[in-house]
Each structure stands twice: as structure tokens, then as C-alpha cells.
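In case you want the letters, here they are:
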Amino acid sequence: MVRRTIEDCMAKEEKITLEAEVTEALPDARFRVRLENDQEILAYVSGKMRKFFIRILPGDRVTVEMSPYDMTKGRITYRH
């Protein structure tokens, strides 16, 4: 039997959290968002936000989580 420590189960890289503004609503709960550095990425709504029917409209300020491996996609985790 192999024993795992907490360090073994943790993600290799931490998520990058940024503030953004929704610029366009796309089908399938996806959005085009503009980050603080004027870069546009494609973002989807997190599961908890879908579960509680939190509406996101163009112009809203949101918090986006991104993986350091793919800087073109992200997940919307909070609506301000």
C-alpha cells in the first residue's frame, strides 16, 4: 500500500486569479472577458455559479481563475 502525503495530492501549479470585465456573452455559458492587462480570453462559468443561477451580463466585473499552462482560457469564479 502506498501512502500519500498532502504535498503529493496538491496541484503542481497554483491558479492565477485576475480581475476582468465581461465584454461579450457567448453560447453555452461562455464569455469573452478583457483582463486588466487588455488581453481578451474565453471564460466559462464555474459550477457553483451555475448551481445558484448567478447571472452574468456584458459589462460586469468578475474574478477569473486561469491555469499557468493555458493563458487563453479561464473560469469565472465570482461576480462583483
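So, here's what we can say about the structure. Values in this document were obtained by computation on a predicted structure and should not be read as measured data. (Residues numbered from 1 in each chain as written. Predicted model: local features only at pLDDT ≥ 70, side-chain atom pairs only at ≥ 80, totals over all residues. Heavy atoms only, no water.)

### Observations concerning the environment of Met66
Just so we agree on the cut-off: Helix and strand labels come from DSSP, where a helix needs a run of H or I of at least four residues and a strand needs a run of E of at least two; each type is numbered from the N terminus. Whether two residues are in contact is decided by their heavy atoms: any pair within 4.5 Å suffices.
Within the fold, Met66 resides in strand 4 (residues 61–67). Measuring from C-alpha to C-alpha, the distance between Met66 and Leu18 comes to 8.0 Å, with 48 residues separating the pair along the chain. Residues contacting Met66, with those up to four places away along its chain left out, are Lys15, Ile16, Leu18, Leu35, Ile41, Met71, Lys73 and Gly74.

### Remarks on the side chain of Ser46
Inspection of the secondary structure puts Ser46 in the loop between strand 3 (40–45) and helix 2 (47–51). Contacts of Ser46, omitting those with residues within four sequence positions, involve Arg75, Ile76 and Thr77.

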